Amino acid sequence: MNLSLSRFFERTPATNLDTCDREPVHMIGMIQKGTGLLILDQTDGRIVGVSENLHEILGKPADALLGAGIEVLSEDIAGQLAELADSPHISHEILDAQFEADGADYDVVTHAHAGRRFVEFIRNEAPSASLVRKRMRRCGSACSQIMGALTFEEAMQVAANAVRDLTGMSRVKVYRFLPDWSGATIAESRDDRMVSMLGMHFPDTDIPKQVRELMTIVPYRFVGSVQDENVPIRALAGHAGELDMTWSMGRAVSVMHTAYLRNIGASSSFSCSLMDKGKLWGLIACHHVEESIVPSDSWALAQEIGTALMLRYDQAQRTETADMISHLRRIESNFAAELRQTGDVEDVIKTLVPVLQKFLRADGFAFQYGLNLHTSGETPPPDFIRDLIRWTKDNLTGEDQFQTISLQSIYPASAPYKDVACGVLVQPIVVHRVCQLIWFRGPITQKVTWAGRPDAKMVADEKTGVTVGPRTSFDKWVDEHNDQSLPWEEAELQAAREIFQEFLDIISSQLLLKEENSSLRRFAHMAAHDLKAPLRGISSALQWMEEDEADPASVEEHRHLAAQQAKSCSA
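Attention in this report is confined to the structure presented alongside it. In this text, all values refer to a predicted model and were calculated from it rather than measured experimentally.

## Observations regarding the pairing of strand S3 (residues 47-51)
Within S3, five of the five residues are buried, which leaves the element mostly enclosed by the surrounding structure. Where strand S2 (residues 35-41) lies against S3, three bridges are found, and the strand directions are antiparallel. Across the sheet, residue Ile 39 finds its bridge partner in S3, namely Gly 49. What sits between the antiparallel neighbours S2 and S3 is a turn of five residues, in which Gly 45 has the positive phi angle 75 degrees. By the bridge criterion, three bridges tie S3 to strand S11 (residues 231-235) in an arrangement that is antiparallel. Its bridge partner being in S11, Gly 49 is matched across the sheet by Ala 235.

Structural data, given as structure tokens:
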């Protein structure tokens, strides 16, 4: 598991990152207003870093804390931290302690990372035990409703409503990432203080690459205020190096992100990652018209609702995939019976290819086995299909299949065939030889409603040209285009992986046998030709002996010739 955002920058070439993607948001070295921070060295337990506002929460100046042990703050907290010292996992633990400052209560949240223990003090505006129990009951009820929902759309709405009730936020969105990392709001719960963004699309640049990576590491994140009132961290001498705050909940926020939130009318936010099979699928994004910090006891509850939602999604995908696989097995059974009846594999393939085309709602389909290429529907020329197969082999990047809804955007050589090969799914299957199954889809005309123009420029400094702020307009903007095909649904992708594994083995065995029989026939023809030559020599020798009227010398000469020809027959 990647435990630090630093690994993203280590493995990603700078040339692959735009200006916004390069910002090391985990090395910001400050915390948000409404939070406080103590940093302990795990080797000796000394306090090596404190936020400059900590005296307001703890009543102790930074100088009295730096270099001391945590016992100077609280023997109870020191004991609780000692119990967590041997935990091998990074997780946010809420300690059984609270501090009060300026009429507000602060929860104590801790985690250990990169040789340091972070002790964070997070403001809790509603620290009621009864309210916590109410939230837990609401979470449990929501998870049950999500798993029992008749459709995934219904489950998403339950999740959005529950998270808004849990967090008190003005607007809660279920946001899904699309294959190009743009995103869309596919469910929403809100009050009248914020405008609806349901159905709106957002460009991939709205959530930079390193932020998406961070979402796969830490499952939730809050922004208590968008006013950039951040607090510096003071470090003990010799410990002022770069501070990896990947897991810090109170970590200060990039000014790019706070400007973005202000531009969409939010004063605070909270988000929870949605993961599917270990990959970032989307997020539950919450925005509020007032400054607010979601209490620490609600973070895991929101994550639990998100987890239930993704379990329901997986359930829906499995059901849809199972239905498709069941359909495949019926088709397979029919063609296996036909193959047994006719024994002509070529005829069966000709009948099978159009069925496979329609099965995945494709405009065209190609089946390649060795040098044989069978097609159905609207497809590019055979030479291009073979070039495409070679190109995809070099671009699978560790995946077991290649799929796109806009081939021409990543493979310029395909531009002349956009009308028949805009969307492409290539599934290699290893049997006796590697088979290639290729589905083609043409482009469709689509209307996409964007929250602002997706190609709008970021705000840049006039003198330096450095990006200093995100786009400012989120007004509805409708784009009509025809450079993409229908997307390949998850059930279709899974069906392509499963498709005819056993039946293709039968077909390829028949094709292999047919090739071997063809080779045997060629060999037999050549052998027969070679055999006929010496037989003709023997026949000629016998004829010559008759013509020479049994002259002893001539007979002996022709007898010797016949013997030589017979010897070559037996060689």
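After that view of the structure, there is still more to cover.
## Some thoughts on the sheet that holds strand S15 (residues 372-377)
The antiparallel open sheet is built from five strands, whose spatial order is S15-S14-S18-S17-S16. Of all strands in the sheet, those bounded by a partner on one side alone are S15 and strand S16 (402-404). Averaged over all adjacent pairs, the angle separating strand axes in this sheet is 10 degrees, with direction ignored. Of the strand pairs in this sheet, strand S14 (residues 364-369) and strand S18 (residues 434-441) are connected by six bridges, and their pairing is antiparallel. The partner of Gln 368 across the bridge, within S18, is Gln 436. The strands that helix H10 (residues 345-359) touches are S14, S15 and S18; relative to S15, the one it contacts most, it runs at about 45 degrees. Sheet strands touched by helix H11 (residues 382-393): S14, S15, S16, strand S17 (423-430) and S18. Its angle to S18, the strand with the most contacts, is close to 110 degrees.

## Here's the deal with unusual backbone geometry
One non-glycine residue, Ala 114, lies in the positive phi region at around 55 degrees. Turning to its location among the elements, Ala 114 is positioned in the loop between strand S5 (104-113) and strand S6 (116-124). With a phi angle near 70 degrees, Trp 181 is a residue other than glycine that sits in the positive phi range. In this structure, Trp 181 sits in the loop between strand S7 (171-177) and strand S8 (183-190).

Conventions used here
- Residues numbered from 1 in each chain as written.
- Predicted model: local features only at pLDDT ≥ 70, side-chain atom pairs only at ≥ 80, totals over all residues.
- Heavy atoms only, no water.
- Buried < 20%, exposed > 50% of the residue type's maximum accessible area, 1.4 Å probe, protein only.
- Helix = DSSP H or I, 4+ residues; strand = E, 2+ residues; numbered from the N terminus.
- Pairing = 2+ DSSP bridges.
- Axes fitted to C-alpha atoms, helices over the stretch in contact; angles between N-to-C directions.
- Contact = heavy atoms within 4.5 Å.

Don't take any of this as a statement about function, it's just geometry.
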